[in-house]
Amino acid sequence: MDPMLTTYFAYVILSVGLTIWVGRTLHKNGRAFLVDVFAGRGDLADSVNHLLVVGFYLINFGYVSLALKLAVPVTNATGGVEALSYKVGLVLVVLGGMHFFNLYVFSRIRRSKTIAEAPRPVAPDALLPGSGTGR
Amino acid sequence: MTKGGEPLELTVWFDADCGLCRRIARWLETQPKYVPLYCKAAQSAAQAGCPLTLELLLAKVTVTASDGAVYHGTNAWLVCLWALRNYRPWSLRLSAAALRPWAERLFALVAGVAAWTRPKAPAS
């Protein structure tokens, strides 16, 4: 088979495999975070989790597809391995970036919830004689 | 904080004779909030049923909560910030031990400007 076509096949198989692996990891381990954020509502957490993973797959498969074309023609096996490692390396870096962005979004959602539930930061200086008259 | 009772509400008693205080009160009312916060003139405290004396309310910025808690000075500022959606993270940061002295200084500065813009009180 044409070495260039072989490289393309190997690239697609590797990239899609890696993307699915990272996506599944996110899906499996992100759930606990989201259940906490949505106050134990598992159905809502599952729904948001699923939507996040769909977005993740779309962006990554889109990138893999856009980055497929090799700029330099591949004529032999060595050239194929070099081109492949470069392309897969790019996919890995993009996946890593997406992964950390996802983590950031999760922690951000979680932080905003803990802030919304934070008690008053200071102790009262005094109490009104008949409590409950403030208003 | 309000365990099963009625939801918490805060009241800020500001000096109606002080331009900066009025401006801050207006600003507070426009901000999105976690907790209802009402700004009332300290001069109307007696009619509003607040048991604190006017001298006390004019001497220090005071916030009263519907659960009976009273906050003065820096604590009052921090509770106000805590009630606002956009500034709660800052109230938590500024009330932590590391930044608390800076919060004191910052709010003392604002109080100083407020005192300076206020017309001379007839008594005291």
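Keep in mind it's a predicted model, so treat the numbers as computed, not measured.

Draft legend 1. Examining the overall build of chain A more closely. When helices and strands are tallied, chain A shows three helices and one strand. Shown N-terminal to C-terminal, the secondary structure of chain A runs as helices and strands in the order α-α-α-β. A total of 135 residues make up chain A; the buried ones form 28% of that total. Long-range pairs, those at least 24 residues apart, make up 74% of the contacts in chain A between residues at least 6 apart in sequence. A total of about 8,300 Å² of accessible surface is found on chain A, and carbon and sulfur atoms cover 69% of it.

Draft legend 2. Representation of the pattern of salt bridges in the model. Within this structure, the stated rule accounts for four salt bridges over all chains. Between R31 of chain A and D46 of chain A there is a salt bridge, with the nearest N and O atoms lying 2.6 Å from each other. Placement of the pair is R31 of chain A in helix 1 (residues 3-37) and D46 of chain A in helix 2 (residues 42-66), with a sequence separation of 15 residues. For D46 of chain A, a relative accessible area of 34% gives the class partly exposed. The residue E104 of chain B makes a salt bridge to R100 of chain B at a minimum N-O spacing of 2.9 Å. Within this pair, E104 of chain B and its partner R100 of chain B are both found in helix 5 (residues 100-117), separated by four residues, close to a single helical turn. Note on E104 of chain B: relative accessible area 34%, which makes it partly exposed.

Draft legend 3. Up close: helix 3 (residues 77-116) of chain A. Counted at 1.5 Å a residue, the expected span for helix 3 of chain A with its 40 residues is 58 Å, and the 58 Å between its end C-alpha atoms agrees. For helix 3 of chain A, the set of buried residues is G79, G80, A83, L84, K87, V88, V91, L95, M98, N102, F106 and I115 of chain A. Those residues of helix 3 of chain A that are buried lie in contact with helix 1 and helix 2 of chain A together with helix 4 (88-95) of chain B.

Draft legend 4. Representation of a nonpolar patch on the surface within the structure. Together, M1, L5, F9 and I13 of chain A make up a nonpolar patch on the protein surface, roughly 480 Å² of accessible area in all. You can see F9 of chain A is positioned in helix 1.

Draft legend 5. Representation of helix 1 of chain A. Residues and elements named next belong to chain A. In a regular helix each residue adds 1.5 Å, so 35 residues correspond to 51 Å; helix 1 covers 50 Å between its end C-alpha atoms and thus fits that length. The complete set of buried residues in helix 1 reads M4, T7, Y8, Y11, S15, T19, V22, G23, L26, G30, L34 and V37. Summarising the contacts, the buried residues of helix 1 are in contact with helix 2 and helix 3. A39 occupies a position one or two residues after helix 1 and carries a positive phi of about 50 degrees.

About the thresholds
Residues numbered from 1 in each chain as written. Chains lettered and ligands numbered in written order. Predicted model: local features only at pLDDT ≥ 70, side-chain atom pairs only at ≥ 80, totals over all residues. Heavy atoms only, no water. Helix = DSSP H or I, 4+ residues; strand = E, 2+ residues; numbered from the N terminus. Buried < 20%, exposed > 50% of the residue type's maximum accessible area, 1.4 Å probe, protein only. Contact = heavy atoms within 4.5 Å. Areas by Shrake-Rupley, 256 points an atom, 1.4 Å probe, with all protein chains shown as cover. Salt bridge = Lys/Arg side-chain N within 4 Å of Asp/Glu carboxyl O. Expected span 1.5 Å × (residues − 1). Patch = residues over 30% accessible without salt bridge, like charges linked within 9 Å, V, L, I, M, F, W, Y side chains within 5 Å.

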